[in-house]
Every structure is written in C-alpha cells, then in structure tokens.
Amino acid sequence: MHTNVNVIKHPLLEHSLTILRDRDTQTATFRQHSKIVSTLLVVEAAKSIATAARAIETPLAAMEGAALSEKVIVVPVLRAGLAMLFAAQDLLLDVPVGFLGLERDEETAVAREYYQKFPGRLDGYKALILDPMLATGGSLDETVQAVERRGCNDISMVCVVAAPEGIDRVMERHSGVTLHTGAIDERLDENKYIVPG
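Residues numbered from 1 in each chain as written. Predicted model: local features only at pLDDT ≥ 70, side-chain atom pairs only at ≥ 80, totals over all residues. Heavy atoms only, no water.

### Considerations on the overall build of the protein
As a reminder of what qualifies: Numbered from the N terminus, helices here are DSSP runs of H or I no shorter than four residues, and strands are runs of E no shorter than two. Radius of gyration here is computed from C-alpha atoms only, and the compact-globule reference equals 2.2 Å multiplied by the residue count raised to the power 0.38. Residue contacts are counted whenever heavy atoms from the two residues lie within 4.5 Å of one another. What sets the accessible areas is the Shrake-Rupley method with a 1.4 Å probe; for residues, cover comes only from the shown protein chains. The sign given to each residue is positive for Lys and Arg and negative for Asp and Glu; His and the chain ends receive no count. By convention, charge coordinates are those of NZ in Lys, CZ in Arg, CG in Asp, or CD in Glu.
Along its length, the protein carries 5 helices and 12 strands. For 197 residues, the compact-globule estimate of 2.2 N^0.38 gives 16 Å, and the protein sits close to it at 17 Å. Overall, the C-alpha framework of the protein stretches about 60 × 40 × 30 Å when taken along its three principal axes. Taking contacts inside the protein between residues at least 6 apart in sequence as the whole, the part at least 24 apart equals 59%. Element-wise, carbon and sulfur atoms account for 52% of the exposed surface of the protein, whose accessible area totals about 10,700 Å². Averaged over its 20 positive side-chain charges, the protein has a centre that lies 3 Å from the centre of its 27 negative ones.

So, in structure tokens, the structure goes:
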C-alpha cells in the first residue's frame, strides 16, 4: 500500500457509494449521491489547505478566526470529472478551474487528449484533480503531467473508486502526489474496467 493513498472511511460516503454501485439506481438518485460522495471526498482532500489567522468582529466581540491562505485550483478530467466539480465549487467559492479533456480508446484503453485550458501558470498553487474512476491510471498520469508542466508541485487526486493497477501506475510515476478515494476496488477486468466498479 502506498503511504500517500487515503481511503476515506465515513458512513455517509459508504452508504452513498453503495447506492452509486447498484445497477438498479435511477439517474436522479445517482446524481444526488454522486454529489454527496464528491463533497465528502473534496472535504477530506481540502484538509491540507493552509490557513492564516484573520481578525474579525462578531456581533458581540473581536476574535481571531482563520482564512484560507493558499491558492487552490480545481482540475476536473473531462467529462466525468464535471460531476465532482460542482461539489468542489460549492465548498471553494470562486476557485479557478483548469480543464483537461481525455477520452479512452476502447480498444487500447489509452487516454487521448482532446482539450486543454488552464488559467496560466500554476506556481504556488495547490491542485485538486477530480476524476471519479482511477482505472488504468492513464488519464490521471496525463493530467498530473499537465499540471506539473505549469509549475504546480502540490497535487492531490480525488477519485470515487480506484483500481490497484491505476494506483500503482500513478504513484510510481508521481510519488509526491496524494490520492483521496472512497474505495480501492479489487482489480481491472480484461476490458480494463474496474471490478466491482
């Protein structure tokens, strides 16, 4: 097991993830529980964002609170990562977003880039890469490289489920990256799909 892999244990996450996995779950229910899972995962990934003291006045007294002091960018892997983006934007208001569009070749299971848009250099940023499924690791490997090329070296990946093969690939190539996931599944099947998924 890699030390920088964080499997989130929370009863609400486990409940919602079970509903997501159920093949009989209807679309509206799936959407609702996707947001719950995404929110819980982003909350966990955001634990490492730095804060600084901030003096404020409440209606009754002066006090010292805390404010986020680190620049954060969210990078959803298109298109699947968009579902997770909305949960991240609910928690991190006005967060800049970088987009990377990758599609999987169904015969080779290799990711091909079709779109990329980032708001300039990312030096000094903390990046949260969002992708629901970490299967072979190809898409996340490409995304981490794209973020690193822009100067970011503080990267966390947020995935709903992950396969051991994908985790190994990404962690071997990017040992400084952290993964937050709801579950590590058993394996990839012969078609490179996560089982049980």
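Read on for the rest.
### Let's talk about the pattern of salt bridges
Under the convention used in this document: What counts as a salt bridge is simple: a side-chain nitrogen of Lys or Arg found within 4 Å of a carboxyl oxygen of Asp or Glu. To sort residues, take the accessible area from a 1.4 Å probe on protein chains only and compare it with the maximum for the residue type: under 20% means buried, over 50% means exposed, and anything in between is partly exposed.
A full pass over the atoms with the stated rule returns 8 salt bridges. As a salt-bridge pair, Asp123 and Arg121 come within 2.9 Å of each other at their nearest N and O atoms. Here Arg173 ties to Asp141 by a salt bridge, and the two come within 3.0 Å at their closest N and O atoms. On the criterion of sequence distance, the pair formed by Arg173 in helix α5 (residues 164–173) and Asp141 in helix α4 (residues 138–149) is long-range, its members being 32 residues apart. Look at Arg173 and you get exposed, because its relative accessible area is 52%. The exposure class assigned to Asp141 is buried, which follows from its relative accessible area of 1%. Ionic contacts of the salt-bridge type, sharing partners, join the residues Asp141, Arg169 and Arg173 into one network.

### Comments concerning unusual backbone geometry
Residue Arg79 is reached from Leu78 by a cis peptide bond, and omega for that bond is -5°. Mapped onto the elements of the fold, Arg79 is located in the loop between β4 (71–78) and α3 (82–91). In this structure, the amide linkage connecting Val195 to the following residue, Pro196, adopts the cis form with an omega of 5°. Along the chain, Pro196 turns up in the segment after β12 (194–195). Positive phi values are uncommon outside glycine, yet Asp94 reaches one of about 60°. Relative to the helices and strands, Asp94 resides in the loop between α3 and β5 (99–104). Under the relative-accessibility criterion, Asp94 is labelled exposed at 80%. A positive phi angle is found at Lys192, which is not glycine, with a value near 70°.

### Let's talk about the side chain of Ser38
In this structure, Ser38 sits in helix α2 (residues 27–45). Given the relative accessible area of 2%, Ser38 is considered buried. If near-sequence neighbours (up to four positions away) are discounted, Ser38 is found in contact with Ala83, Met84 and Ala87.

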